[in-house]
Amino acid sequence: MSYRKAHPVPPVTLDDVRGAQKMLSGVARTTAMEGSRHLTQLVGAPVHFKCENLQRTGSFKLRGAYVRIAGLLPEERAAGVVAASAGNHAQGVALASTLLGVRSTVFMPKGAPLPKISATRHYGAEVRLHGQVVDETLAAAQEYAAETGAVFIHPFDHPDVIAGQGTVGLEILEQCPEVLTVVLGIGGGGLAAGVAIAVKALRPDVRIVGVQAAGAAAYPPSLAAGRPVSIENPVTMADGMKVGRPGDVPFAIVDELVDEVRTVTEDELSAALLLCLERAKLVVEPAGASPVAALLSDPGAFEGPVVAVLSGGNVDPVLLQRVLRHGMAAQGRYLAVRLRLTDRPGALATLLGVLSVVDANVLDVSHVRTDPRLGLAEAEVELHLETKGPEHCAEVGRALREAGYTVID
């Protein structure tokens, strides 16, 4: 759905973004633009990936963090900086601070993935674990800033941060000057705001489409209300999008310049991440795969050439394993079934023979004989199967029922 309202001149201009680009020369990489044959066929027009997952620190966040910290006064730099983040912003602030010779402290939730905590420390920040959710971590970081005088570096709600993220938009126009649609994920809105400023100033005909996870979509109600509003308990696997309220600064820009904001489901995010890995050979986190999810869910809605911004690749291996399995299940390529059978010698072998006939590949078997729910002569088996799509899943189910097995939902 599109929302367009009249706003004053945005607090970030094209000149600001161009200045940020000069500042980032030699610091941030000009990330690759890769074509996607599969999505090109689906959309019916060229589709390209802007690979910010290959940026230093694994996401676009370094751009905005560096520009913000580089713009501090000498006395502010001397006081150090502090940030709160579950991952990407933490690493961006840590590296930017180290490059600029500024002391950094980063507050992260206690449940943050260990690889992200380790990477943030490796880039030079002092990491403090506080709280179970980002809101608690954010409050602790702001309290630290008030007590010590350290400058709080917001992940998206500051003009310098937005200008830094906008350099992605300048690169898109340089690498794909014929682009007609840019699709990118939205969390707090810094990336979308920055890219929209750069692209719309130079190519007002280009359509900007933002994408949010359906369980953490604060922008649609905010745009409808004409002001940032909060949503309670945002829930999504896409940590980079788990933001309960848009930032005030990016919101005004998104409201004015972004043409449409769409939402995608968790199943669609999983399928998109799987496509990036299998077809493009790119490791992308769920938030970074959101533009791909939007293209997969409604390919006819996008005029090409299309550029999809893969905003980050910092995915926890444990989450990646779960998401890939979820994505395979969503595509009918993975099936988990529980069933009961008579507990006698050869019963499991007979069951596996049925699955062999229908060409289902058994990935894992759990065989339970002792459980209060089971009869004296019963056993329960849970099977994880690799299948070939929804029709094959249905065929497996029919074969099991025809063989006399009771499938438990």
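As shown above, the structure is provided for reference.
All of these numbers come straight from a predicted model, not from anything done at the bench. Numbers given for residues are sequential positions, taken from 1 along each chain in its written order. Only residues with pLDDT of at least 70 are given local features in this predicted model, and only at 80 or more are side-chain atom pairs given and counted; all residues enter the totals for whole chains, interfaces and linings. Excluded from the side-chain calculations are hydrogens and water; all other atoms, namely the structure's heavy atoms, are used.

So, the overall build of the chain: which residues are in play, and what are the values?
Only runs of H or I of at least four residues qualify as helices and only runs of E of at least two qualify as strands under DSSP, and these elements are numbered from the N terminus. Helix and strand counts for the chain stand at 16 helices and 14 strands. For the radius of gyration, the atom set is restricted to C-alpha positions; the globular benchmark scales as 2.2 Å times the number of residues to the power 0.38. Radius of gyration (C-alpha) of the chain: 24 Å, near the 22 Å computed for a compact globule of 409 residues. Taken along the three principal axes of its C-alpha coordinates, the chain extends 80 × 50 × 40 Å. Working definition: with a 1.4 Å probe on protein chains only, accessible area under 20% of the residue-type maximum means buried, over 50% means exposed, and in between means partly exposed. Looking at the 409 residues of the chain, the share that counts as buried comes to 55%. Throughout, a residue-residue contact means that at least one pair of heavy atoms, one from each residue, lies within 4.5 Å. By sequence separation, contacts in the chain at least 24 residues apart represent 73% of the contacts at least 6 residues apart. With an accessible surface of roughly 17,500 Å², the chain has 52% of that area assigned to carbon and sulfur atoms. For the accessible areas, the method is Shrake-Rupley and the probe is 1.4 Å, while residue cover comes only from the protein chains on display.

Describe helix α5 (residues 88-100), and please don't skip the residues or the numbers.
In an α-helix, one turn spans 3.6 residues, which is why side chains three or four residues apart end up on the same side. The terminal C-alpha atoms of α5 lie 18 Å apart, and with 13 residues this matches the ideal 18 Å at 1.5 Å per residue to within 8%. Counting buried positions along α5 yields 11 of 13 residues, so the element is predominantly enclosed. Looking only at α5, the buried set comprises N88, H89, A90, Q91, G92, V93, A94, L95, A96, S97 and L100. Among the structural elements, α3 (61-70), α4 (74-79), β3 (81-84), β4 (104-108) and α6 (114-122) are those in contact with the buried residues of α5. Of the residues one or two after α5, G101 is the one with positive phi, at around 70°. One fewer than the residue count of a helix, multiplied by 1.5 Å, yields its expected span.

So what's going on with the sheet that holds β3? Residues and values would help.
Strands are treated as partners if at least two bridges between them are detected by DSSP. Here 4 strands make up an open sheet; going across it, the order is β5-β4-β3-β6 and the pairing parallel. Sheet topology places β5 (126-129) and β6 (151-152) at the edges, where each strand pairs with a single neighbour. Two strands pair when backbone bridges link them, and β3 and β4 are joined in this way by 4 bridges, in the parallel orientation. When the sheet's bridge partners are listed, V81 is paired in β4 with S104.

Quick one: what's the story with the sheet that holds strand β10 (residues 306-310), residue by residue and with numbers?
Strand pairing in a sheet is mediated by backbone hydrogen bonds. Such pairs are either parallel or antiparallel. Ordered in space as β1-β2-β10-β7-β8-β9, the 6 strands form an open sheet in which the pairing is mixed. Pairing within the sheet leaves two strands with one partner each, and these edge strands are β1 (33-35) and β9 (260-264). The average angle at which neighbouring strand axes cross in this sheet is 25°, direction not considered. For β1 and strand β2 (residues 47-51), the ladder comprises 3 bridges, and the chain directions are antiparallel. Paired with M33 across the two strands is K50, which belongs to β2. Axis lines are fitted to C-alpha atoms, over the contacting stretch for helices. Their N-to-C directions set the angle, which ranges from 0 to 180 degrees. Contacting β2, β7 (181-185), β8 (207-213), β9 and β10, helix α13 (residues 290-297) runs over the sheet at an angle of about 140° to β10.

Can you break down the pattern of salt bridges residue by residue, with the values?
Should a side-chain nitrogen of Lys or Arg be within 4 Å of a carboxyl oxygen of Asp or Glu, the pair is scored as a salt bridge. Within the structure shown, the criterion is met by 12 salt bridges. The residue R203 makes a salt bridge to D205 at a minimum N-O spacing of 2.9 Å. R203 sits in the buried class, given a relative accessible area of 19%. Residues K242 and D239 are paired through a salt bridge, measuring 3.7 Å at the closest nitrogen-oxygen approach. On the basis of relative accessible area, D239 is assigned to the partly exposed category, the value being 37%.

Explain the packing of α5 against α6 to me, using residue names and the numbers behind them.
Two elements in contact, α5 and α6, have axes separated by 8 Å at closest approach and are oriented at 15°. What the angle tells us is that α5 and α6 run roughly parallel. Note on packing geometry: the crossing formed by α5 with α6 is left-handed. Taken together, the residues of α6 that come into contact with α5 (itself represented by A90, Q91 and A94) are K116, A119 and T120. For the contact of α5 with α6, the class distribution of residues is 3 nonpolar, 2 polar and 1 charged. Any angle that falls under 35 degrees is termed roughly parallel, while one over 145 is termed roughly antiparallel, one within 65 to 115 roughly perpendicular, and all others oblique. Left-handed is the label given to a crossing in which the near helix is rotated counterclockwise from the far helix by less than a right angle, and right-handed is the label when the rotation is clockwise. Residue classes follow a fixed rule: Ala, Val, Leu, Ile, Met, Phe, Trp, Tyr, Cys and Pro count as nonpolar, while Asp, Glu, Lys and Arg count as charged, and any other residue, Gly among them, counts as polar.

I'd like a rundown of the environment of V306, residues and numbers included.
Following the sequence through the fold, V306 ends up in strand β10. The exposure class assigned to V306 is buried, which follows from its relative accessible area of 0%.

Tell me what's going on with the environment of P221, and back it up with residues and numbers.
As for its placement among the helices and strands, P221 is situated in helix α10 (residues 219-225). Non-local contacts of P221, meaning those with residues more than four positions away in its chain, are made with V229 and I231.

A description of the side chain of K50 should follow, citing residues and the corresponding values.
Counting through the fold element by element, K50 comes out in strand β2. By relative accessible area, which is 0% here, K50 ends up buried. Apart from residues lying up to four places away in sequence, K50 is in contact with T30, T31, A32, M33, V168, E171, I172, Q175, V307, A308, V309 and L310.

Provide a residue-level description of the nonpolar core, including the pertinent values.
Counting residues in hydrophobic clusters, the biggest one holds 64 residues, and the most contacted among them are I69, V81, V93, I172, V179 and V182. The element best represented in this core is helix α9 (residues 190-202), accounting for 8 residues. Excluding anything up to four places from it in sequence, I69 contacts R77, V81, V93, A96, S97, L100, V102 and I153. Each nonpolar core is a collection of buried residues, namely Ala, Val, Leu, Ile, Met, Phe, Trp, Tyr and Cys, held together in the definition by side-chain atoms within 4.5 Å. Judged by nonpolar contacts, the second largest core, of 37 residues, contains V43, A238, A272 and V292.

Go over the pairing of β3 with me, naming the residues and quoting the values.
The side chains of a regular strand alternate, first on one face of the sheet and then on the other. Residues of β3 alternate between two faces, with V81 and A83 on one and V82 and A84 on the opposite face, all of them buried. Handedness rule for crossovers: strands pointing away from the viewer, path from the first strand over the helix to the second running clockwise, crossover right-handed. Between the parallel pair β3 and β4, the chain is carried across by α5, and the sense of this crossover is right-handed.

Give a description of the pairing of β8 that names residues and reports values.
The buried count for β8 comes to 6 of 7 residues, which makes it a mostly enclosed element. Crossover β7 to β8 through α9 is right-handed. Relative to β9, β8 runs parallel, the two being bridged by 5 bridges. Its bridge partner being in β9, V211 is matched across the sheet by R262.

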